[in-house]
Every structure is written in structure tokens, then in C-alpha cells.
Amino acid sequence: MFDPNRNDLVLGIVGAGLMGRGIAQIAAQAGLKVLLHDARADAATEACESVGLTLSALAAKGKLDPAAASAAAARISVADTLRQLAACDIVIEAIVEKLDAKRELFERLEAVVGGDCVLVTNTSSLAVTRIAAACRQPERVAGFHFFSPVPLMKIVEVIDGVLTAPAVGDALMALARRMGHTPVRAKDTPGFIVNHAGRGYLTESLRIVGEGIADFPAVDRILRSAVGFRLGPFELLDLTGLDVSHPVMESIYDQYYQEPRYRPSPIARQRLAAGLLGRKSGRGFYTYVEGKALAPAQPAVPAAEPVPLWIAPCALPARDALLARLEAAGVALDGGERPAAGSVCIVLPLGEDTTTAALALGLDATHTVAVDPLFLSAHATLMTTPVTTAKVRDAAWAALAASGLAVDVIHDSSGFVAQRVLAMIVNIACDIAQQRVATAEDIDRAVTLGLGYPKGPLALGDALGAATVLQILDALHGFYRDPRYRPSPWLIRRARLGVSLLTPEN
């Protein structure tokens, strides 16, 4: 077993693409000697030159000491053949994401390296255990999953295969820290932590569009403006590329034997077949000109005749906040116990759709709209019933806009947009914790660093309240009768106990 703090540690990297180059850079900067190999002639040489230029550029910008940059570049050299990796203490595989190719490479490596050399794969979605099964010593094989661009994405997943020796994972955790990254430990499961936890954001957003509830730009705006995600789900898919994202969605779904929580969308498959990959092809969910998305403008606020608004009784603090906001803006309000004949009725449901909430209160569905009560600081999601009149919709829209809120109007949906997407994100993270794939802390740490969410998924659940998330999921499950929305035991128990979703079990 290698000592991750040894000064003379030798790291081999097979695969000189973007990922291999990034790993080589941070390893060399950490003082490791790096041997870079690629099956394509001259690829490793080109990679060494590219990393050298990157290090020089960092020095020129004052982000790296010039002497340190030169020393790091000098630590990277080319291995023309796999046999030149014989003296390596650890070899990282960063080749094409195909199981057969990786297994063949590991068989060849095992015939070359010493018995104590650790072999690791940078796979993002393939089972580490299946890769290790090709080896005579599967106990020395583990996953070491970096994210691109490696020097900037300061997270790495350390994955223990079924037969991986615990000391191998321990050494990789320490090596990751030496290389300036934050390691998280995971069991070998489809998607590991980050790609596993990220299913809710993308697949539920695709499902919402597939149901005709809202279009791509509206879903992106709601999740950016109302919730605080840096990129909407369709902006993220365009950035990653559907040729990368959709196969991962299908792979995780299939590896979990068609678990409904991870069900992909035919929308993504169709658009992939059409070549609408995203930024790389110039067209995806958006069209790109000189690298910039041509996103449609948010629909203009309608010129509507003022109509009194009646806000349905609700125990949530959002009701009082909304009333105060509307009153301050001079919006006419109906303060009766029941709405007057001409008033617009606004309901504030959790998990339910507008139709269900209107019928439960005995309201006229043609005069009723809903507003998402959980996200009202700067953005309002306004939801109609199938029979809400245009006059009622526009009057509510104009009044909310007059109070200073950006407004997106959507069709009827249990859980609006933000509620159901966040509930799915939280629920999947809860199940990752329930399965003991990783600790609750590592799940949140990995997702925050790997996906850039405003908070880790379990912290997001705590911010909403575990009982609130459970209520939303129960309503979704009851409406759709789809096991996709069944709550995780981890969530149910902590909601009942009234404790944080980050609370571990002894």
C-alpha cells in the first residue's frame, strides 16, 4: 500500500484527455511525479505541453509562483508504453467510459505494475466492482472520481468496490487532500453520490415539461429566481451536453432495475436523436450565438382590470407576508371570510394542485388561482386550474407584479414546479443516506461542491422542514399514484421525530 504523503510517490495516468490532464496538473502541483500515457500517438506529449502552458498562464496571472509552476511542469513526463508505468505506486484510469475497455486496460495494467500498486478508475457511472472483477487482485481496485474541470472542481469521490480493501480507500482520501481536493467516501452504487443525487433536479424538471405544465425557460427561471440555483436544469443540460447527460440518466435508471425515481424522459432522447446537444452543437433547449443563449424574454405583465383578491385561509406565514406585500402595493383586497362574487380567489397549497385546493375549500374553480407559498421573496409562481378564466389569471398576475414580484404562470400541477423538484432532490438524497451509500454530511458536501446547489440536498430539506417535504411527497404520491414519489424511510422517520435530515444513526 502506498503512503500518500511520500515525497517520491509516483502516479501513473492512462488517458491524456481533459480529465487526465486535469488530474496530472493537480498531482504535479502537489509534488507527485506523474507519468502520462495515452493509446493515441502524441496525445500524452500534447497533454504535457498543454498542462505546462496552463501552469505558465497561472504564474503569469499571479495565481501560482513561477518557480512552483516550472517545478510542477517538470514533474510530468510521457510514458510511451504501459510498461513504463511499472514503478508506479498508483495508476489512475481516465479513458473512454466503456466497461469492456476499462476491464481490458486493468488486466493489462495488472500484468505490468507491482503487487502493491493501487489501480483506480475515474469512471462516473460504471460499477467499480465490475471493473475490478477483471483483476487478480480486486482488493486493490477503487474508484477515484474527479469532476471537470479538475483544477477548479475541488471535489473527488472515493468509491469502495465490494472487494476493495478499506486501506485503499483510506489512502485515496489522504491523497485527495494532498492534491488540494475535498474527498467524499461512497459505496459502489450507480451514480455514486453526485450523479445519483442529481437525478431529481433533471428528471423531475423534464417530467414537468412533459406534462405540459411549463416550458423550458419558465422552469429555469423559477428554479433560478425562486430557489437560488445558479443554472436552471435545461441550462445545465445544455452546458453538459445531452450526449453526456442522457446516457448517464439511462444508465443509472437501468442499473437500478428501472427504479421509478430515476426514470428518464423521452424528451431528452428525442432531442438527442435530433442532434440538439446544447452549447457544443449551437442548439439545445436554447439556441446559441457566439456562445450566448438566446433565451426568450419573460412574458410581459398583462394590462388587466383591477379585481379584489381574496387570499384563502392558511396556517403558513406566507399568507400574512403576501397580504402585507399586496396591501403595501395598493392592491384591492377582499377581507371577507368567504370571497365575494367578483373576487379572485388565491389559494396557497403544499403539494396539491389548484383544482384540489379549490374543491377542498368549496371555491369556484373558474375564479381560482394558486401561488406557491414556499418561494415568495422575489418571485411568484402563479398556477391556474384547467377552467380558470383569462380575466382572473391576468388580474392575479398584474397584482402580484405590482407588488414587486417577478411572475411565471404555469398550468395546474401538484407541487407547482419548485416544490416538486426540491422534494425529489431531498427524497433521493434521503434514500442515498438510508442505503448507507455515504454519510449525510458527505452527501451534502459532495452535491454542494459537485453540482453547485445553493445548499446540500439534506440541508435544503431542513430549510423547508422535513415534515413539509413529506407532505409534498405524500400529496404527489396520492395524486399520481406513481411509486416515483414514495417517501424515503430516512425522511419519514426524521419528519416524525422532528429532527434534522442530517441526523446520523448510531
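Above this note sits the structure.
Bear in mind the structure is a predicted one, so any value in this text is a computation, not a measurement.

**Examining the sheet that holds strand S3 (residues 76–78)**
Item 1. Across the sheet, 8 strands lie side by side as S3-S2-S1-S4-S5-S6-S7-S8; this open sheet has mixed pairing. Where the open sheet ends on each side, the last strands, each with one partner, are S3 and strand S8 (182–187). Taken over all neighbouring pairs, the strand axes of this sheet differ in orientation by 25° on average, direction set aside.
Item 2. Sitting on the sheet, helix H17 (residues 440–451) is in contact with strand S7 (155–160) and S8, with an inclination near 125° to S8.

**Quick notes on the pairing of strand S13 (residues 368–371)**
Item 1. Neither face of S13 is left uncovered, since the one carrying Thr368 and Ala370 and the one carrying Val369 and Val371 both have all their residues buried.
Item 2. Strand direction decides the pairing type here: strand S12 (residues 344–347) and S13, joined by 3 bridges, are parallel. In the strand pairing of S13, Val347 is matched with Ala370.
Item 3. Tracing the backbone out of S12, into helix H14 (residues 354–360) and back to the parallel element S13 gives a crossover that is right-handed.
Item 4. Bridge analysis of S13 against strand S14 (residues 379–384) gives 3 bridges, and the strand direction is antiparallel. For Ala370, the partnering residue across the bridge sits in S14 and is Met383.

**Thoughts on the sheet that holds S12**
Item 1. Here we have 5 strands laid out as an open sheet, ordered S11-S12-S13-S14-S15, and mixed in their pairing. Each edge of the open sheet carries a strand with a single partner, namely strand S11 (309–311) and strand S15 (406–410). Taken pair by pair, the neighbouring strands of this sheet meet at an average axis angle of 30°, ignoring direction.
Item 2. Contacting S11, S12, S13, S14 and S15, helix H15 (residues 390–402) crosses the sheet at an angle of about 170° to S14.

**Quick word on helix H13 (residues 317–328)**
Item 1. Its 12 residues place the ends of H13 17 Å apart at the C-alpha level, agreeing with the 16 Å of an ideal helix rising 1.5 Å per residue.
Item 2. Every buried residue belonging to H13 is among Ala318, Leu322 and Leu326, and all of these are buried. Each buried residue of H13 sits inside an arc of 65° when the element is viewed along its axis, so together they form one side. Turned more than 90 degrees away from the buried face of H13 sit Pro317, Asp320, Glu327 and Ala328, all of them exposed.
Item 3. Where the residues of H13 are buried, they touch S11 and H15.
Item 4. Taken from the residues just after H13, Gly330 is the one with a positive phi, measuring 80°.

**Some thoughts on the packing of aromatic side chains**
Item 1. Evaluated as defined, the whole model comprises 10 aromatic pairs.
Item 2. With centroids separated by 5.0 Å and ring planes inclined at 45°, the aromatic side chains of Tyr256 and Tyr262 adopt a geometry described as tilted.
Item 3. Residue Tyr256 is classed as buried on the basis of its relative accessible area, which comes to 18%.
Item 4. Ring pairing ties together the aromatic residues Tyr201, Phe229 and Tyr453, which thus form one cluster.
Item 5. Over the aromatic face of Tyr480 sits the side chain of Arg207, whose NZ or CZ is 5.3 Å from the ring centroid.
Item 6. In this structure, Arg494 is placed above the aromatic ring of Trp490, and the distance from its NZ or CZ to the ring centre is 3.5 Å.

Calculation notes
Residues numbered from 1 in each chain as written. Predicted model: local features only at pLDDT ≥ 70, side-chain atom pairs only at ≥ 80, totals over all residues. Heavy atoms only, no water. Pairing = 2+ DSSP bridges. Helix = DSSP H or I, 4+ residues; strand = E, 2+ residues; numbered from the N terminus. Axes fitted to C-alpha atoms, helices over the stretch in contact; angles between N-to-C directions. Contact = heavy atoms within 4.5 Å. Buried < 20%, exposed > 50% of the residue type's maximum accessible area, 1.4 Å probe, protein only. Right-handed = clockwise from strand over helix to strand, strands pointing away. Expected span 1.5 Å × (residues − 1). Arc of directions from axis to C-beta. Phe/Tyr/Trp six-rings, centres within 6.5 Å; stacked < 30°, edge-to-face > 60°. Lys NZ or Arg CZ within 6 Å of the ring centre and 35° of its normal.

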